[in-house]
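What the coordinates show
Residue-level listing of the chains:
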Amino acid sequence: MSESMLSTKSGVDSRRSGAAVTSPSQAGGKPSGPAGRDRKSRGAEGARRHGTKGGKQGSNVLAHCVLSIGGLAMISPLLYQIVMSLSTNAEVQSTPPTLWPGVVQWSNFADVFTSMNFGSQLWVTVAITVVRVIGQVLLCSMAGYAFARMQFRFKGPILAIVLSIIMVPSQLFLIPQYQIIQNLGWLNSIAGIVAPGIFSAFGLFLMRQFFMGLPDELEDAARLDGANPFQIFFRVMLPLAANGLWALVIITVLWSWNDLLWPLVVTSTANAAPLSVGLSNLQGEHANNYPILMAASLMAMAPILIMFLLMQKRVMAGIGRSGLK
Amino acid sequence: MKAQTLTPASKSGRAAQATGERRKGKSKSVGWWPWLFVVPTVAGIGVFYLWPIVQTFYYSFTKWGVFGGTKFIGLDNYVRMFADSTIPQSILNTLIYTVVVLLGIPIAVILASLIERPGLRFAALYRTLYFIPYITMPAAVGIVWRLIYNGDFGPINWFLGLFGIQGPYWTSTPGFALLAVATVGLWMSLGFNLIIISAGLREIPRELFEAAEMDGASRVRQFFSITVPLLTPSIFFVTIVTVISGFQLFDLLYVMMGKANLAMPQTQSLVYIFYNQAFLQNDKGYAAAIGILILVIIALLTAFQFRIQKRWVNYV
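Residues numbered from 1 in each chain as written. Chains lettered and ligands numbered in written order. Predicted model: local features only at pLDDT ≥ 70, side-chain atom pairs only at ≥ 80, totals over all residues. Heavy atoms only, no water.

Side note on the overall build of chain B
Convention followed: Under the scheme used here, helices are H or I runs from DSSP no shorter than 4 residues and strands are E runs no shorter than 2 residues, and both carry numbers assigned from the N terminus. Burial classes follow relative accessibility: with a 1.4 Å probe on protein chains only, a residue under 20% of its type's maximum area counts as buried, one over 50% as exposed, and anything between as partly exposed. Contact criterion: two residues are considered in contact whenever any of their non-hydrogen atoms come within 4.5 Å of each other. We get accessible surface area from the Shrake-Rupley algorithm with a probe of 1.4 Å; when it comes to residues, only the shown protein chains can shield them.
Along its length, chain B carries 15 helices and two strands. Residue burial in chain B is summarised as follows: out of 316 residues, 55% are buried. Considering only intrachain contacts with a sequence separation of at least 6, the fraction spanning at least 24 residues in chain B is 67%. If you sum the accessible surface of chain B, you get close to 14,500 Å²; carbon and sulfur atoms cover 68% of it.

Structural notes on the overall build of chain A
Regarding its fold elements, chain A presents 18 helices and zero strands. Taken across its 325 residues, chain A has 56% of its residues classed as buried. Considering only contacts within chain A whose residues lie at least 6 apart along the sequence, 72% involve residues at least 24 apart. Accessible surface computed for chain A: about 13,400 Å², of which carbon and sulfur atoms make up 65%.

Examining helix H13 (residues 229-240) of chain A
Quick reminder of the rule: Residue count minus one, scaled by 1.5 Å, sets the expected span of a helix. Counted as a polar contact is a pair of N or O atoms within 3.5 Å, where, for protein atoms, one must be capable of donating a hydrogen and the other of accepting one, and residues adjacent in sequence contribute only when both atoms are in side chains.
An ideal rise of 1.5 Å per residue puts 16 Å on 12 residues; H13(A) measures up with 15 Å between its terminal C-alpha atoms. When H13(A) is considered as a whole, its buried residues turn out to be Pro229(A), Ile232(A), Phe233(A), Val236(A), Met237(A) and Leu238(A). The secondary structure elements touched by the buried residues of H13(A) are helix H7 (118-149), helix H11 (201-212), helix H12 (217-224) and helix H14 (242-258) of chain A together with helix H2 (33-59) of chain B. Its side-chain oxygen at 2.9 Å from the backbone nitrogen of Phe230(A), Asn228(A) defines the N-terminal cap of H13(A).

Things to note about the nonpolar core
Side chains that are nonpolar tend, in soluble globular proteins, to be buried together. The condition is simple: The term nonpolar core refers to a set of buried residues drawn from Ala, Val, Leu, Ile, Met, Phe, Trp, Tyr and Cys, joined through side-chain atoms within 4.5 Å. Throughout, the edges of the domains are those of an automatic or database domain assignment.
Counting 198 residues, the largest nonpolar core has Phe211(A) and Ile135(B) as its most contacted members. The element best represented in this core is helix H9 (residues 176-202) of chain B, accounting for 16 residues. Shared between two domains, this core takes at least three residues from each, and those domains are domain 1 (34-85) and domain 2 (115-322) of chain A.

Some details on the interface of chain A and chain B
Selection criterion: Salt bridge, as used here: a side-chain nitrogen of Lys or Arg that lies within 4 Å of a carboxyl oxygen of Asp or Glu. Residues were grouped as follows: Ala, Val, Leu, Ile, Met, Phe, Trp, Tyr, Cys and Pro as nonpolar; Asp, Glu, Lys and Arg as charged; and all remaining residues, including Gly, as polar.
Across the boundary between the two partners, chain A contributes 122 residues, which contact 103 residues of chain B. The tally of links from chain A across to chain B stands at zero salt bridges. There are 14 residue pairs in polar contact (both at pLDDT 80 or more) connecting chain A and chain B. Broken down by element, the side of chain A that touches chain B gets its largest block of residues, 18 residues, from helix H4 (residues 56-85) of chain A. Class assignment for the residues of the side of chain A that touches chain B results in 74 nonpolar, 34 polar and 14 charged.

Let's talk about the pattern of salt bridges
Where charged atoms from two side chains of opposite charge come close, those side chains can pair. In the structure shown here, the tally under the stated rule is seven salt bridges over all chains. Residue Arg223(A) is joined to Asp220(A) by a salt bridge in which the shortest nitrogen-to-oxygen separation is 3.1 Å. Remark: Asp220(A) and Arg223(A) occur in helix H12; sequence separation between them is three residues, near one turn of the helix. Arg127(B) is the partner of Glu116(B) in a salt bridge, and the nearest nitrogen-oxygen pair spans 3.0 Å. Taken as a pair, Glu116(B) in the loop between helix H5 (104-115) and helix H6 (123-135) and Arg127(B) in helix H6 lie far apart in primary sequence, 11 residues in all. Both residues of the pair, Glu116(B) and Arg127(B), belong to the buried class.

Focus on a nonpolar patch on the surface
To be explicit about the condition: Patches were defined on residues exceeding 30% relative accessible area and lacking a salt bridge, with like-charge contacts within 9 Å and nonpolar side-chain contacts (Val, Leu, Ile, Met, Phe, Trp, Tyr) within 5 Å.
A cluster of nonpolar side chains, namely Leu138(A), Phe230(A), Phe234(A), Trp32(B) and Leu36(B), defines an oily patch on the protein surface of about 470 Å² accessible area. Tracing the chain through its elements places Leu36(B) in helix H2. Judged by relative accessible area, which is 36%, Leu36(B) ranks as partly exposed.

Describing the side chain of Thr129(A)
Examined against the element boundaries, Thr129(A) turns out to sit in helix H7. In this structure, Thr129(A) is in contact with Val253(A), Ser256(A) and Trp257(A), ignoring residues within four places of it in sequence.

A short note on the packing of aromatic side chains
Describing an aromatic ring pair means giving the distance of the ring centres and the angle of the ring planes. Applied cut-off: Working definition: rings of Phe, Tyr and Trp (its six-membered ring) pair if their centres are within 6.5 Å, and the pair is stacked with planes under 30 degrees apart, edge-to-face with planes over 60 apart, and tilted otherwise.
Taken as a whole, this structure holds 41 aromatic pairs over all chains when the rule is applied. On the numbers, 5.3 Å between centres and 70° between planes, the contact of Tyr178(A) with Phe279(B) is edge-to-face. Note that Tyr178(A) is positioned in helix H9 (residues 171-183) and Phe279(B) in helix H14 (residues 270-280), a pairing that runs across two chains. Of the two residues examined, Tyr178(A) and Phe279(B), each falls in the buried class. Judged by centre distance (5.2 Å) and plane angle (65°), the rings of Phe250(B) and Tyr275(B) are edge-to-face.

Quick notes on unusual backbone geometry
Positioned with a positive phi, Phe154(A) is a non-glycine residue whose angle comes to about 65°. Here Phe154(A) shows up in the loop between H7 and helix H8 (155-166). Positive phi is not limited to glycine here, since Phe122(B) has a value of about 60°.

Observations concerning the environment of Asn228(A)
Mapping Asn228(A) onto the fold places it in the loop between H12 and H13. Within polar-contact distance, the side chain of Asn228(A) engages the backbone nitrogen of Gln231(A) at 2.8 Å.

Quick look at helix H11 (residues 219-246) of chain B
Here is the rule we go by: Bend is the name given here to the angle between axes fitted to two runs of seven residues, the run ending at a residue and the run starting at it.
With 28 residues, H11(B) extends just 33 Å between its outermost C-alpha atoms, more than 12% less than the 40 Å of an ideal straight helix rising 1.5 Å per residue. Of all the bends in H11(B), the largest measures some 55° and sits at Thr232(B), one to four residues before the proline Pro233(B).

Re the side chain of Arg132(A)
Residue and element names in this part refer to chain A. So the rule is basically this: Charge assignment in this entry is limited to Lys and Arg as positive and Asp and Glu as negative, and neither His nor the chain termini are counted.
Take Arg132: it is sitting in helix H7. Buried and without a salt bridge, Arg132 has Asp259 as its closest oppositely charged side chain, separated by 4.6 Å. Excluding anything up to four places from it in sequence, Arg132 contacts Val194, Gly197, Ile198, Thr252, Trp255 and Ser256.

Description of the packing of helix H6 (residues 107-115) of chain A against helix H17 (residues 290-310) of chain A
Residue and element names in this part refer to chain A. Short version of the rule: Interaxial angles span 0 to 180 degrees and are taken between N-to-C directions of axes, which are lines fitted to C-alpha atoms, for helices over the stretch in contact. Any angle that is under 35 degrees is reported as roughly parallel, and any over 145 degrees as roughly antiparallel; angles of 65 to 115 degrees are reported as roughly perpendicular and all others as oblique.
Packing of H6 against H17 leaves a shortest axis separation of 9 Å and a crossing angle of 90°. By the criterion of interaxial angle, the relationship of H6 to H17 is roughly perpendicular. Residue-level contacts link Asn108, Phe109, Asp111, Val112, Phe113 and Ser115 of H6 to Pro291, Ile292, Ala295, Ala296, Leu298 and Met299 of H17. Here the residues of the contact of H6 with H17 are counted per class, giving nine nonpolar, two polar and one charged.

What about the confidence of the model for chain A?
The condition is simple: Predictor confidence is given residue by residue as pLDDT, running from a minimum of 0 to a maximum of 100.
On average, residues of chain A score 81 in pLDDT, and 79% of them reach the 70 mark or higher. Confidence drops under a pLDDT of 50 for residues 1-55 of chain A, and excluding neighbours within four residues, the segment shows 82 contacts in the predicted structure.

A few points about the environment of Asn117(A)
Residues and elements named next belong to chain A. By the element assignment, Asn117 lies in the loop between H6 and H7. With 155 residues separating them along the chain, Asn117 and Ala272 place their C-alpha atoms 9.4 Å apart. In this view, Asn117 contacts Ala270 and Asn271; residues no more than four positions away in its chain are not counted.

Printed below as a string of structure tokens:
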């Protein structure tokens, strides 16, 4: 039991504390900002420490200096991008860099839609992300559940083979995957971009770990009530694995939205490509219209940025748990 | 890793017990249910991942005709690979890139130990700032960085110009281009390293620091004698992840430099050569051999790291 606790620690934590995201007590599941209660308790601890030793205030000032300068450096490319997306092309190319445009050029954002296939590429990106998330969450949670809590023949060997795939670099799948999509006539289609990504050995493993950490009692009770495995899974177990599902959703959204190599391989027309491919191909054609490039790349990043800012705790917890990009 | 290999055994023991009980109580209707849950995913993984590995392995021994059709050529692709001077160059490039990105780990350890100080205000804000680059689209930030690195009017060269330094054309000069790309890689990965290391830090019992403080150990001493040794499992983990993803370098390189860049041959990564051979030159047999090489290198590096971990990783 101890080792299964170890491997599904976050799952166990989240069950104990109800909502992992808002609970301040546990370490693993909550890498981001402290909730109000938490801040108070930390503050108290801090004060106690200050009481025991006087000189701490000064060193925290130093910490704030280092952290804020570093933090500013981290987001300065983003700030630069925002300013440039609102400038004229001449302002972008002026040598003391423009700190703020003379006249804010909101029209750059509208021009993105007319000067490139931004609309259709945005649609492709949204579509592949939605389809992939729904498909992967459904399939991986079902399979993960079976591998965690059901008995069937060859379970061990199948799991071992599936898990070994996680370690294999994607270049080993790419050529045959391309052939499959080509033979299906799915090049330049949403189905073609999405198909391989719906299946995920990593997602299966992640969900298995979560289901292994859940208690037996509820499942047994449902079984005694005469529920079939489907009903047990969808009504009882899936809601309990909400934290694991969130982690999988977040990781899949990030992968799908940002992925470049696979969509680059299976799309050859600008209309069928997602934003990542569209932006990387744009360099040649619009290489000199920098404000448009900045506005386009800003809009391509924006949905993910907004998602992150709205649910930081879940995003950081999800990525912290899964460990891999 | 340990947990992963141990769990199936203990789990199956418990589950066997459960099925025994079930047999007694209900019927054997469990029989085909698991397959309903498992088959869609396992079949998909088989078709899109498992069989492709076998095929790629086979392709690495073939030559692809211009009009389709493959011919078995034995080890020719591998012989050609060892004679190809761009291969060692690209391995070196990938290693340099990885080493630069690895520098982000000590930086993350220092930043995490500052952010996780008890009672530090704005800790959540700092985490947000450092994490943002990690989630942004590489294709989008690549375009931004390309402008930042612009040789004529980019802010970096303007800044260097203030000190009378003539900055290079960063993304199109061999040597500088790799450094420019690797710096962006470091910038992007820092947030991830920080999250993992912060989580590791929070697991270190507070009492250790309090005891050390009573014994009069300075903050710096505490950092090197408590924080760093107890963080080694987290550091080991982010090292493994960084090396593996470093050898997957493609997106940033492709976007920041572009296919037509004349500095590309001296800067390209193994994955870029793979992409170029498979999908631009349509030499899929040779590309498959390069794919196998990538697998072998990553496997060797990971195995090596697991071997030497005993010397420096402290498991409590």
